[in-house]
Each structure stands twice: as C-alpha cells, then as structure tokens.
Amino acid sequence: MSLLTVGSVAFDAIETPFGKTDKIIGGAGTYIAIAASFFEKDQKIVAVVGDDFPQSMLDLLSNRNVDLTGLQIKIGEKSFFWSGKYHNDMNSRDTLITELNVLEHFDPIIPEKYQGVEFLMLGNLTPQVQKLVVERLETRPKLVAMDTMNFWMDIAMDDLKETLKVVDLLIINDEEARQLSGENSLAKASKAIRNMGPKYLIIKKGEHGALLFHGDQMFSAPGLPLEEVFDPTGAGDTFAGGFMGYLSSTNDISFDNMKRAIIAGSALASYCVEKFGTEKLTQISQQDLDQRIQQFVALANFEMIYQL
Ligand code: AMP
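Predicted, not measured: the structure shown is a model, and the values here were computed from it. (Residues numbered from 1 in each chain as written. Predicted model: local features only at pLDDT ≥ 70, side-chain atom pairs only at ≥ 80, totals over all residues. Heavy atoms only, no water.)

Trainee: So what exactly am I meant to see when it comes to the packing of helix α1 (residues 28-36) against helix α2 (residues 55-63) here?
Mentor: For any two helices packed against each other, the geometry is given by the interaxial angle and the distance between the axes. For the pair α1 and α2, interaxial distance at closest approach is 10 Å and the crossing angle is 35°. Here α1 and α2 pass one another in a crossing that is left-handed. Across the interface between the two elements, Thr-30, Ala-33 and Ile-34 of α1 pack against Met-57, Leu-60 and Leu-61 of α2. (Axes fitted to C-alpha atoms, helices over the stretch in contact; angles between N-to-C directions. Helix = DSSP H or I, 4+ residues; strand = E, 2+ residues; numbered from the N terminus. Left-handed = near helix turned anticlockwise from the far one by under 90°. Contact = heavy atoms within 4.5 Å.)

What follows is the structure in structure tokens.
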C-alpha cells in the first residue's frame, strides 16, 4: 500500500542534561517518514522547507523510498525552527523557540499522483492545514491518523476539534489527552476524546508504554526500560511513523494488527531516544529493528497458570 505523511521538515536545537546541539535536522514529518521507511516502501510526503534545508537530507529521504514531489522548497525563505530544553527526568520539556517561517503560510498542495493514497498520517501541524489535506484527497484513505500537541490546544482548540471530526485515529500523549478531554483518568479521557470524532485512540505514556482504545477493546503496550535516554525529541513521531508504516505495509487495520503496529512503533521510538535527533534512526539496520521487536515481544509475553 502507500502512506502519505504531512508534517514539519525542520531544524531543531535541543538541550538535554547530556548535552546541547546546534541546528540539527528535525521535524515531525522527517521522523515519521524515516521510521515508516523500515516497513513501507511506497511513501509520499507533503511538506515545506526553505532554501536553507540541506539537499543531503532530502537525498536521505529519497533513498528511503520517500517520494518528494509534494515537498515544496521556498526560495529566499527559512525552514521551520524549533528549540526545546529537557528537564532532568527527561519526561518533560520546555519549548524555547518556535519559528514558523515557511510553515506560517503553508498551503499543503497534493500532487495529482498522490491521489488514491491508502494511508494518511497527519503529523503535528496547524489543525486547519491537517483538515485541508483530508478535504483535498479525492478518495478517503483506508485510515486517517493524526498527531497534535498542547501548543495547538492552547491557541487553536476550536480548529483542533473540527479536525478531530474528520480523522479515524488520534495519537497523543497522556498529558495532552488530559488537557484535550479535561479528564484526569485516561479511561474517561479516552471516551471523551473518541466522542469528539476519532474511533481509535492511542495514548502514549513516554517510558511507560502506550494504550490503544477502540470500542470496548483496550491494549497496553509496554515501554522498554532503557539504561540511557539521551534525547526524547521525535520519539512520538517515530512511534507514529513506525505504527503507520507497519499498518500500511500489511494493509490490515484490524485491532490485532494495530497491536503489532504499536510494538513496531515502540521498537523504533526506543532507538530514536538513544542519540540526538534522527542520528540513531539513520544508523540502525533492519536486523537491529528485528532484535528490538523481539525484546518487546519477550517483555510482554507470559503464560498465566492458576487454580481458583
Ligand atoms: P516530538 O518530540 O515527537 O513531540 O516531536 C518533536 C518534533 O516536532 C521536532 O523535530 C520539531 O521540529 C517538531 N515540532 C515542534 N513543534 C512543532 C509545531 N508547532 N509544528 C510542527 N512541528 C513541530
């Protein structure tokens, strides 16, 4: 099948207790596309960069079978820039700078050859732009998934609620689920959010794994305890990319297959945090990923023996 990702392709500057980077490659769309490429060999991207964005990174995406026809390069303009600083526990961070630059007037133009795409991943972006993409696709994809963040809840909650009405799956973290629903219990939050539109909901809990909700069904994926978390930036996007890449490559949106997709996404995200930015993701092989997936399987696998 084919997967279309819409998301930021950007520069980031990151500060963690382990060190600091200058401008490095980041962006939700970048992480999603790299992660999905481990599974899906037919990917498309709709994004925008300035003429300051390195050709080498675009080549890296093309070499991973990402069709860049929908990537706009704005001459004389600057790419999106985000800077964040992590606290000592690495579970929370402060956004220091968000320079929208090319994203400020981003018009997500869908190339004709992208029409008919089966899976759509809307990375963290202005909710209005996310909705526009769904409206511009002539055929409804088999699954429309989206990510968002507190930034949009703070400044564009009404738009966000409109966009939620047109998606099938929302992928957010626990803090965002609580903010969006106004509920402290994640079980209650999951119901309230699914009443806003998406039939499926994934709540990521950082190092504690992730929850999947659909109807009365629920699945809990573990988090792999890692000795060192170097930089969590992009872990959520990597998770979403691995999840959607797995689903589209298997062309199966059953609940059981979504469980497998969550493990695929979790395994990739666990690699992502081991180095700054996208570095680790671009270094690992399919064999490394296979080993990590097996670690996740072993972590959650047990046989219950009991007498009552
Ligand atoms: P995550 O750590 O998964 O939340 O994703 C971090 C990535 O999201 C970084 O690479 C940023 O470039 C990107 N990002 C941060 N804020 C925004 C925003 N407001 N719109 C689009 N992308 C963003």
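Trainee: Can you help me understand the site of the ligand in this one?
Mentor: Taken together, 19 residues are adjacent to the ligand, and Ser-8, Asp-12, Gly-27, Gly-234 and Asp-237 come closest. At a separation of 2.7 Å, an oxygen atom of the ligand approaches a polar side-chain atom of Asp-237. Taken by itself the ligand offers 510 Å² of open surface, and the protein chains cover 93% of this. Counting only elements with at least two residues in the shell around the ligand, the list comes to β2 (10-16), α1, α4 (150-155) and α8 (235-250). Take the shell around the ligand: its biggest share by element is 3 residues, from α8. Of the residues assigned to the shell around the ligand, the class counts are 9 nonpolar, 7 polar and 3 charged. (Near = heavy atom within 4 Å. Polar contact = N/O pair within 3.5 Å; in protein donor to acceptor, adjacent residues only side chain to side chain. Areas by Shrake-Rupley, 256 points an atom, 1.4 Å probe, with all protein chains shown as cover. Nonpolar A, V, L, I, M, F, W, Y, C, P; charged D, E, K, R; others polar.)

Trainee: Quick question: what am I supposed to make of the pattern of salt bridges here?
Mentor: Applying the stated criterion to the full structure yields 11 salt bridges. A salt bridge links Lys-85 to Glu-15; the shortest N-O distance between them is 3.8 Å. Within this pair, whereas Lys-85 is found in strand β8 (residues 81-86), its partner Glu-15 is found in strand β2, the two being separated by 70 residues in sequence. For Lys-85, a relative accessible area of 38% translates into the label partly exposed. Using a relative accessible area of 24% as the deciding quantity, one classes Glu-15 as partly exposed. Here the salt bridges do not stand alone but share partners, grouping Arg-140, Asp-168 and Lys-199 into one network. (Salt bridge = Lys/Arg side-chain N within 4 Å of Asp/Glu carboxyl O. Buried < 20%, exposed > 50% of the residue type's maximum accessible area, 1.4 Å probe, protein only.)

Trainee: Explain the side chain of Gln-115 here, please?
Mentor: Looking at the secondary structure, you find Gln-115 in the loop between β9 (93-99) and β10 (119-122). Under the relative-accessibility criterion, Gln-115 is labelled buried at 19%. For Gln-115, the side chain forms a polar contact with the main-chain oxygen of Arg-136, separated by 3.1 Å. One polar contact links the side chain of Gln-115 to the main-chain amide nitrogen of Glu-138, over a distance of 2.8 Å.

Trainee: Is there a simple way to think about the environment of Leu-4 in this case?
Mentor: Of note, Leu-4 is situated in strand β1 (residues 3-6). A residue is classified by how much of its surface remains accessible, and Leu-4, at 0% relative accessible area, is buried. When near neighbours in sequence (up to four residues on either side) are disregarded, Leu-4 contacts Lys-44, Ile-45, Val-46, Tyr-114, Val-117, Phe-119, Leu-120, Met-121 and Leu-137.

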